[in-house]
Amino acid sequence: MPAGESSHSSHENPGCATTVGVGWPCRGGGSHPPSPASAKAPRLAYKSGARGALPTAAARQRSTGSQGWEVKPQSQPGIPAETVEMRVAVVGAGVSGLTATKCCLEEGLEPTCFEQSRDIGGLWRYTEHIEAGRPSLYPSVISNTSKEMSAFSDFPYPEDFPVFLPHAQLLDYLRCYAERFGLREHIKFGTTVVSIQKRPDFATTGQWDVVTEVDGKQTSHVFDAVMVCSGNLSEPSLPLHCFPGIERFRGQYFHSRQYKHPDVFQGKRVLVVGMGNSGVDIAVEASRVAAKVTICTGRGAWVLSRVFDHGYPWDMVFNTRLMSLIRNSLPGPLSRGLINYRVNQWFNHENYGLQPEKSCLVREPVLNDDLPSYILTGRITIKPGVKEFKDSSVVFHNCPEEEPIDIIVFCTGYNVSFPFLEEAVIKVENKHASLYKYVFPTHLQRPTLAVLGLIKPLGAIMPVTEMQARWVTRVFKGLCRLPPQSVMEKEVNEKKKNQVRRFGLSFDEVLKTDCLVYMDKLASFIGAKPSVLGLLWRDPWLALTIFFGPCTPYQYRLGGPGRWEGARQAILTQWDRTLKPTRTRVPAGSSSPCPSLLTVVGFLLLLAAVVFCFQ
């Protein structure tokens, strides 16, 4: 993904009109022009009749020749119209904004989502031109997390979607999610949020004055609560003052946000500054046409392949409850040593110049399948940090010779900002906003403003923002209560110190967190955390799958508010959907598609581990 995380332009697929992605019909709406084929989109039969229930094979075949799911807006069951009272402003219609809108509807709230562009999708909606205030993609972006780990918890991807998704298909998924749950009618497109301020009676009402602008005309609204879902990948960080001599450099330089196609690098000597996901992606693409490509990094990075043990997706092997238990139960040095050992199994990072500067610290991994082989074949060279730039060259630390360069790409991340909020509401320092559980400002008299998606989980972001939204909406309703201000502030400060010790202090490292631990904590707040021990007696096979298998989002729909009857089936068939697009040729007598990770390694071992974990 760009800047740490996705080839068609979104304009080439208007309205999900006929077939979305790989044969996935859904009807368009909102700002998309209608398609003649959309008028007769068939209705899909579901097994359970609830939310994103898995479609039966027969239903898919009845879908007038289509291979995917039909998505049809549904009303929210059990929520009488007269109970819809609390008005919630949702800022942004990207991943976070869509799930925030849906969660508001589930809880009987009345959301209004403001989106400054003309379509949904946020980061995942590719445009050839760069739009102010919006994230920018390059056409080759592919998701870094697998589809099963990235799905919303009650809306699995179709089984024929690839395991790691090009941005166009991920956008298709978001569009059909919006159609399935009737979200578009709650989104105001082409509307910019200008300001959000506390009303004079905020201490008693918790209400906000929200000013929006459409075509130069401003309108004021009053809302009972606000969910900020504007993302943090639209304001590039370009600290030129940190690079001596850059003012003398006579070549071209730009931030990675401006990158679209590798043609600009044809025959050039390219320097990529920074080693996040975007930096490595751009370096790999540039190396296919450039004369020379160099990546400079002061810290190094762990590099992982999307293809992990036995060819399975990396996150479905890494993010399991068993692995999380091991990582968080072992002493710190032993746990870090285990991680270092695992990431060096693919290749020895020290031999490739990639070993993190402080290997005892856990670094956010870079997901790239090509970098090691491109280093081996001389297409890419790794160098230490920049000491200074000269007219047409660069000098690196601990390297006395100059390296001639023509183009510099600064992959230096993004700033966190909320231009529509007063600093007194959310203060950002060093790319970090002090928020309780990365969501709530700690000092507000009433918890009626929340920030979603301002976090860097070591895993998929979509189910994390969904869990945040499920928790936030219940806080808004008064069904969940926040701790006193002093307790929240103490936790925020301690979290910051712990993250610095664990990850090292650099830019927004304090936003990084263990995905599974964080999700479990929020799920426990709303009563949706799965009980492995309880399931062990009622449904042993499901318990085995949950504990030893990947922690897919469906686990958080097994019980509690928003329970989904299709969750169990989704969990037990998650590997089927993962292997479906790759097992396109199955030799006679082949082994079962169920990976060895999920075989029963012993009932007593599971019992002992679960008891240890939940005692």
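Up top you'll find the structure we're talking about.
Residues numbered from 1 in each chain as written. Predicted model: local features only at pLDDT ≥ 70, side-chain atom pairs only at ≥ 80, totals over all residues. Heavy atoms only, no water.

**Here we look at helix α4 (residues 167-180)**
Then, in step 1: The end-to-end C-alpha separation of α4 is 20 Å, in line with the 20 Å expected for 14 residues at 1.5 Å each.
Then, in step 2: Burial analysis of α4 places 14 of its 14 residues in the buried class, the great majority of the element.
Then, in step 3: Within two residues after α4, G182 carries a phi angle of roughly 60 degrees, on the positive side. (Helix = DSSP H or I, 4+ residues; strand = E, 2+ residues; numbered from the N terminus. Expected span 1.5 Å × (residues − 1). Buried < 20%, exposed > 50% of the residue type's maximum accessible area, 1.4 Å probe, protein only.)

**Some thoughts on the packing of aromatic side chains**
Then, in step 1: Scanning the entire structure with this criterion turns up 27 aromatic pairs.
Then, in step 2: An angle of 20 degrees between the planes, with centres 3.7 Å apart, marks the rings of Y157 and Y173 as stacked. Here Y173 lies in helix α4 and Y157 lies in the loop between α3 (147-150) and α4, a separation of 16 residues in the sequence.
Then, in step 3: For Y157, a relative accessible area of 0% translates into the label buried.
Then, in step 4: Three or more aromatic residues link up through ring pairs in this structure, and these residues are F152, F155, Y157, F161, Y173, Y177 and F181.
Then, in step 5: Over the aromatic face of F181 sits the side chain of R180, whose NZ or CZ is 5.6 Å from the ring centroid.
Then, in step 6: Directly above the aromatic system of F164 lies the positively charged group of R306, at a separation of 5.9 Å from the ring centroid. (Phe/Tyr/Trp six-rings, centres within 6.5 Å; stacked < 30°, edge-to-face > 60°. Lys NZ or Arg CZ within 6 Å of the ring centre and 35° of its normal.)

**Some points on the sheet that holds strand β6 (residues 217-223)**
Then, in step 1: One open sheet holds the 3 strands; their spatial order is β4-β5-β6, and the pairing between them is antiparallel. One side of each edge strand has no neighbouring strand; the edge strands of this open sheet are β4 (192-198) and β6. Neighbour-to-neighbour, the strand axes of this sheet turn through a mean angle of 20 degrees, independent of strand direction.
Then, in step 2: In the sheet, strand β5 (residues 208-214) pairs with β6 via 7 bridges, with the strands oriented antiparallel. Each bridged residue has a counterpart across the sheet, and for W208 the counterpart in β6 is F223. (Pairing = 2+ DSSP bridges. Axes fitted to C-alpha atoms, helices over the stretch in contact; angles between N-to-C directions.)

**Here we look at the pattern of salt bridges**
Then, in step 1: Within this structure, the stated rule accounts for 28 salt bridges.
Then, in step 2: Note that R474 and E107 form a salt bridge whose closest N and O atoms lie 3.0 Å from each other. Remark: E107 occurs in the loop between α2 (95-106) and β2 (110-115) and R474 occurs in helix α11 (residues 462-476); sequence separation between them is 367 residues. Here the two residues R474 and E107 agree in accessibility, since each one is buried.
Then, in step 3: Put simply, K292 and E403 hold a salt bridge, and the shortest N to O gap is 2.9 Å. Placement of K292 in strand β10 (residues 292-296) and of E403 in strand β16 (residues 402-404) is noted, with a sequence separation of 111 residues between them.
Then, in step 4: Relative accessible area serves as the criterion here: at 34%, K292 is assigned to the partly exposed category. (Salt bridge = Lys/Arg side-chain N within 4 Å of Asp/Glu carboxyl O.)

**A short note on the side chain of D209**
Then, in step 1: Position of D209 among the secondary structure elements: in strand β5.
Then, in step 2: For D209, a relative accessible area of 19% gives the class buried.
Then, in step 3: Engagement of the side chain of D209 in a polar contact is seen with the side chain of R199, the distance being 2.6 Å.
Then, in step 4: Setting aside residues no more than four positions away along its own chain, D209 makes contact with S195, I196, Q197, R199, P200, H221 and V222. (Polar contact = N/O pair within 3.5 Å; in protein donor to acceptor, adjacent residues only side chain to side chain. Contact = heavy atoms within 4.5 Å.)

**Some words on the nonpolar core**
Then, in step 1: M227, F265, I380 and F476 are the most contacted members of the largest nonpolar core, which totals 109 residues.
Then, in step 2: The next biggest cluster of nonpolar side chains, apart from the first, holds 23 residues, and it includes V210, F223, F420 and L454. (Core = buried A, V, L, I, M, F, W, Y, C linked by side-chain atoms within 4.5 Å.)

**Considerations on the sheet that holds β10**
Strand pairing in a sheet is mediated by backbone hydrogen bonds. Such pairs are either parallel or antiparallel.
Then, in step 1: Strands sit in the order β8-β17-β9-β10-β13 across an open sheet of 5 strands; the sheet is parallel. The strands lining the two open edges of the sheet, one partner per strand, are β8 (252-255) and β13 (380-383). When the angles between neighbouring strand axes are averaged without regard to direction, this sheet yields 20 degrees.
Then, in step 2: Docked against the sheet, helix α6 (residues 277-286) engages β9 (269-273), β10, β13 and β17 (407-410), running at close to 165 degrees with respect to β10.

In short, geometric facts, not functional conclusions.
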